[in-house]
Each structure stands twice: as structure tokens, then as C-alpha cells.
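Per-entry structural report
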Amino acid sequence: MRTSARKNIILLAFAIFFMLIFILPNLWMLFGSFKDQNAMFSLPPIWIPDFTYLKNFTIMLSQSYMYLINSLIVTIGSTIVTLIFSLPTAFGLTFFIFRGQNFLADWILSTRMLPPVAAAVPLFILFKYLNLLDSLFALIIVYTAFNIPFAVWVSASFFRRIPMDLIEASRIEGASWFDIFLKIAVPLSKGGIATVAIFVFIFSWNELLIALFFTVSDARTFPIFISAQVSQAQIIWGNVAAATVIQSIPPILLTIFLQKNIVSGLTLGAVKN
Amino acid sequence: MNREKIEKTLFILPTCLFLLAISIFPFIYSVYLSAFQAKLTKMHRKFFIGWENYQILLFEDDVFLTAIQNTFTIAFSSITIEIILGFIMAKIFFEIRHLKISNAIRTISILPIMLTPLCVGLVFLYILNPTLGIFSYIVETFFGLEPIAYLGQPIPAKISIICINSWQWTPFMMILLLAGLMTVPSEQYEAAKIDGANWYHVMTKIEIPSILSFMLLGIVLRLIECIRLFDIIYVTTRGGPGIATEVMAYFTYRTEFRSFQIGTGSASAVIILIISIIVTTIAVTLLRRVERNADFS
């Protein structure tokens, strides 16, 4: 037993070493957000900052709160719209039997793999024509389109866990598909739907490329605001650090919520826990 | 059509129409635009030039060819690192999975995956500052090495991008391969133990064969992500120094939105699209297969 205890300690040490590789860079940025410009780059480094120094955050928030609000509207909006479109489709692909079913599923999945950069200019022209450029609405529509394939596939993988007998029994009792969807499938897949929603939320929250193409001023999202800070000649690193911390809070909190379903989500439902 | 058919159609059709309009139409329109010489600022004056954009990109434009080469160099190097490190980490976490604390360590280790790529780029831009960054300081103090401009010289910049990219995605490979290791039946390990197999045999004869499909899935999914690599480049090197870290997505963005050459840009987009479609076809087949295997097990 003693050798196995020692082995565990060694392995644990390695695990902690790896964890530090993945967390220390983030912590250094977090600490930086509590320092002024000089302290951020002082040599030798100031290892532990004064955590009561909040000036970076107050400056940042007062300059950028409207971009944060834009980001939240776009992210929450596209998450909701994505679910409204995807859940019924995922349900249909799971429980209906029709010709071309597999083809349709594959087709939906393959649109997920298309690079957004290849769609940017045509969508730009389309939204310019519709007079919707630089609007939150346009961003919600585009993010939704890019997230639907993911949402359909992952929700379908969760719907598939519902016992078929349950569905068939309700059909025999005369329930409509819509009733089954709303009263059986959705309540039974709450956990899965939450997983999908969290992923879609994070994808939209993190998006940069499309927002770069589509927004000029009114609809600029928080990532656009941050990247603009870095393109200036003189980077004010305190502000950048504070903005980075603010931007990172939702993904970090939500990842902790995701826990076990993260593999399943990242592989589009292919791997189950 | 009877009532049930209408109901069923309502479940599926809206999504299909939506995808056709916002996801399929743009790609087709890109193909159309790629046959023109056109400026985004003067859309009403475009000239049909056929294949010329492709000819220029593929046979004359060194920047674009470098961008393709860089994209694949970065993709293959990152994915190799991710597979090797990810497998080692997965093994470690697999061995200590009974310890209570291992869950917490694992959760903290996977945080980079979901971080905004833009922020990941910024974190490293801060750390890798050549004169005043913490990385230079550590390298100089503990290893006595002279600091260099990690993002300002061609080869170091490329290596830095690969490292940043793998830093964010190694945890993904780790949890994926860990999920794979969990599917290895414990009898196989016991049988190997009785036969006196060493760790190398266990790895090559039992573990790798049974997690192979997970590995392939990881490789393909990562390949798709690497082809569209943009955010990190945009915020750290902007393709530089020179064109040392120019990649396909960034090249397309620059051509379309900095020089407004949407004809050339669309041609470049279409080339990325074709590469993606090839990778995707493989990916979809794999996803279906892995899923089927998982269902039967």
C-alpha cells in the first residue's frame, strides 16, 4: 500500500504542475488588473498587488458599459433564438422517421464546420442592403445561424436518451407531437438543454470576427472594444487587464457549471459521459 | 397533407430555411463574388474576370501561399503537442481519478478551453512583452537567457503562436482522451497485469487502440478550428513580423476589410471553404462512427 500512496503523491504533484501551467497566465493577468501602469511592468515584478486598487475597473466600466450591455443583449438574444429554432429540429430529427433524415442531420452538422470568414462579406452586403449593418439584431441573427448546427446536434444527443416507449405511449394516448415535445422531451432533457444554452452563450460571448465586420459604433460588442484598446499606439495595460478579467468572468463561471457535460458539448454530442 | 405531416414539418422546416438563408446563401454568394474584380466601397462597379483571382492567389501571391503554409504548420504542430501533452495529462488524471481533489484540479485545468480567444491572446501579449514581461524576467533570472522579442521575430513568433494555441486546447484533448480511457474495460488492465505487461505494452496494445477514435475525433475537430484561427493572431502579431504568422483567415479578413478587395478576398474565402469541406466530410463520418460505437457500448 505504501508504494501506491507514494505513486499517488507523485502523480498528484504532476497534475498540480499541469494545472499551474494552465492557470498561472490567467492569474498574472488578474493580478495585473489591480496594478497601475508602472506596477504592471515593474522589474523585479510585484508578485502580489494591492487588491483594493480598483481604478482600472472603474475607468474601464465607465468607458465601456454600453459595449458590455451590447454584448449581453446579443449573447442572451442569440442563445434564446438558437434554442427556439434548434430544440424542435433536434426533437424532429430524433423521433420522426422520414426519408433523408440522416442526410438532413449531416447537412445541418456540416454547416457548423464552414469557416465564418467565408460568409462575412456576403452577409455584410446582405445586411447593408437591408439597412441592418451595425445593429444588434444583425449580430443576433448571424450568431444564431452559426450556433444552430451545434445546438441541434448536441440537443439531439440528449433527446436520444429519452426512452422511446414513453414517446410511443403518449402517441397512442393521442398526444400531439407538440405536446410530447413541450411536456415530455423538454422537461426530461433540462440538463442537456442547459448544457447547450451555456455553450451557445459562451460561443456568442467570445465571438470577434463577425463583430469586426459588422459593427462600426452603435452595436460594438465588448470584445471589439477590448481589441480597439490594443490597436492604439500606447496600450494602457491596466485597462486592458481589467477588461480581459471582465470578459473572462462569464466563460469561467459557466465552465464550472458545465463540469461533466463539457466533453459531450465540445464533441457535438458524439462522446457521452 | 394531413395534420401530422404539417406538424412534423413545422418542427424542422424553419431551421432549414434559416440555415439556407444565413448560412448557405453567403457561401454560394462568395463563390459568385470570387469571379469578379470588386471593391467593397464601390460595389456597383465590378468586373467579371473569371478564374483570375484564383490564378493570382494560387500561383502568384506569395503572401497567400505563405498563409496556407503557416496555417498548416501551426495546425499540425499545435495538434501534435496537444495530443502528446493531452495524453500524458489524461493518463495522470485517470490514475488519480479516485482522489477527491483530482476533480477540482481537473476543472481548473480545463478553464482555458472556454476563455475568449481574444483574451488568451492578450494574456500572452502581456506575459511575453520582450523587455518588461514576466516571461522574460523568469527566463533571465532562473535560466540566465537573454530575453528576445518573442512575438517580434519570425521564428519565435511562429513558435509563440503554436504555444498559445496549444496552451488553450491541450486541456480539450486531455478531457477527450480521459473520456476515452474511461471506456477501457478494467478486465483488460487486470489481464495485462497478470500477463506481466509493462506500461509501454499497456499503452500501445490496450490504451491507444481503444482511444483511437477519440483521438481522431479530437484531431479533426481541432483541425477545423485551426483552419479558422484568427482571434489570437489578430490581437498578438497581426500576421507579422512581415508575413511570418500570416494565416488564411487573417489574410482573408485583411484583403476584404483592410484593402476592400472583395473579389480576391472571396476567392481566398472559397479556398478556405473547400479545404474545410474536405476536412468536414471526414469529420461528419467520424462523428457518426464514434457516436454509433458509443451507443453500442
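For the structure itself, consult the block above.
Rules of the game
- Residues numbered from 1 in each chain as written.
- Chains lettered and ligands numbered in written order.
- Predicted model: local features only at pLDDT ≥ 70, side-chain atom pairs only at ≥ 80, totals over all residues.
- Heavy atoms only, no water.
- Contact = heavy atoms within 4.5 Å.
- Buried area = accessible area lost by both parts, 1.4 Å probe.
- Salt bridge = Lys/Arg side-chain N within 4 Å of Asp/Glu carboxyl O.
- Helix = DSSP H or I, 4+ residues; strand = E, 2+ residues; numbered from the N terminus.
- Buried < 20%, exposed > 50% of the residue type's maximum accessible area, 1.4 Å probe, protein only.
- Pairing = 2+ DSSP bridges.
- Axes fitted to C-alpha atoms, helices over the stretch in contact; angles between N-to-C directions.
- Parallel < 35°, antiparallel > 145°, perpendicular 65-115°, else oblique.
- Left-handed = near helix turned anticlockwise from the far one by under 90°.
- Nonpolar A, V, L, I, M, F, W, Y, C, P; charged D, E, K, R; others polar.
- Expected span 1.5 Å × (residues − 1).
- Bend = angle between axes of the 7 residues up to and from the residue.
- Patch = residues over 30% accessible without salt bridge, like charges linked within 9 Å, V, L, I, M, F, W, Y side chains within 5 Å.
- Areas by Shrake-Rupley, 256 points an atom, 1.4 Å probe, with all protein chains shown as cover.

This brings us to the interface of chain B and chain A. Opposite the 94 residues of chain B that make contact, chain A presents 103 residues. Of the roughly 9000 Å² buried between chain B and chain A, counting both surfaces, carbon and sulfur atoms make up 79%. Ranking the residues of chain B by area buried against chain A places Phe 11, Met 114 and Tyr 126 of chain B at the top, with a combined share of 11%. For the interface between chain B and chain A, the tally reads 3 salt bridges.

Right, let's talk about the pattern of salt bridges for a bit. Following the criterion strictly, the structure yields 9 salt bridges over all chains and no others. Across the pair Arg 171 of chain A and Glu 4 of chain B runs a salt bridge, and its minimum N-O distance is 3.3 Å. Within this pair, whereas Arg 171 of chain A is found in helix α7 (residues 164-172), its partner Glu 4 of chain B is found in helix α1 (residues 3-33), the two belonging to separate chains. Here Asp 179 of chain A ties to Lys 183 of chain A by a salt bridge, and the two come within 3.7 Å at their closest N and O atoms. With a gap of 4 residues between them, Asp 179 of chain A and Lys 183 of chain A both fall in helix α8 (residues 177-188), about one helical turn apart. What you see here is one network of salt bridges that share partners, running through Lys 7 of chain A together with Lys 91, Glu 95 and Glu 207 of chain B.

All names here are of chain B. Residue alternation in strand β1 (residues 36-39) divides its side chains into a buried set, Phe 36 and Ala 38, and an unburied set, Gln 37 and Lys 39. In this sheet, strand β2 (residues 42-48) lies alongside β1 in antiparallel orientation, the contact comprising 3 bridges. The residue of β2 that forms the bridge with Phe 36 is Phe 48. Hairpin connection from β1 to β2: 2 residues lie between these consecutive antiparallel strands.

On to the packing of helix α11 (residues 222-231) of chain A against helix α6 (residues 117-127) of chain B, then. It is at 11 Å that the axes of α11 of chain A and α6 of chain B come closest, and there the two elements cross at 25°. In terms of orientation, α11 of chain A lies roughly parallel with respect to α6 of chain B. When the axes of α11 of chain A and α6 of chain B are compared, the crossing they make is left-handed. Facing α11 of chain A, whose interface residues are Pro 223, Ile 226, Ser 227 and Val 230 of chain A, α6 of chain B presents Leu 118, Leu 122 and Leu 125 of chain B. When its residues are assigned to classes, the contact of α11 of chain A with α6 of chain B shows 6 nonpolar, 1 polar and no charged.

As a further point, take unusual backbone geometry. Outside of glycine, negative phi angles account for most residues, and trans bonds account for most peptide bonds. Look at Arg 238 of chain B: it is not a glycine, yet its phi comes out positive at around 50°. Judged by its relative accessible area of 32%, Arg 238 of chain B falls in the partly exposed class.

Another point: the packing of α8 of chain A against α1 of chain B. Packed helix pairs are specified by the crossing angle of their axes together with the interaxial distance, meaning the distance between the axes. Two numbers describe how α8 of chain A lies on α1 of chain B: the axes approach to 9 Å, and their chain directions differ by 45°. When the interaxial angle is binned, α8 of chain A and α1 of chain B end up oblique. Along the contact surface, α8 of chain A presents Trp 177, Phe 178 and Phe 181 of chain A, while α1 of chain B presents Glu 4, Glu 7, Lys 8 and Phe 11 of chain B. Tallied by class, the residues present in the contact of α8 of chain A with α1 of chain B amount to 4 nonpolar, no polar and 3 charged.

Turning our attention to helix α3 (residues 55-95) of chain A. With 41 residues, α3 of chain A ought to run about 60 Å at 1.5 Å a step, and its terminal C-alpha atoms sit 55 Å apart, in line with that. For α3 of chain A, the principal kink sits at Ser 64 of chain A and spans about 65°.

With that settled, the discussion passes to a nonpolar patch on the surface. Together, Trp 47, Ile 48 and Phe 51 of chain A together with Ile 138, Phe 142, Phe 143 and Leu 145 of chain B make up a nonpolar patch on the protein surface, roughly 790 Å² of accessible area in all. The residue Phe 142 of chain B is located in helix α7 (residues 134-143) in this model. For Phe 142 of chain B, a relative accessible area of 60% corresponds to the exposed category.

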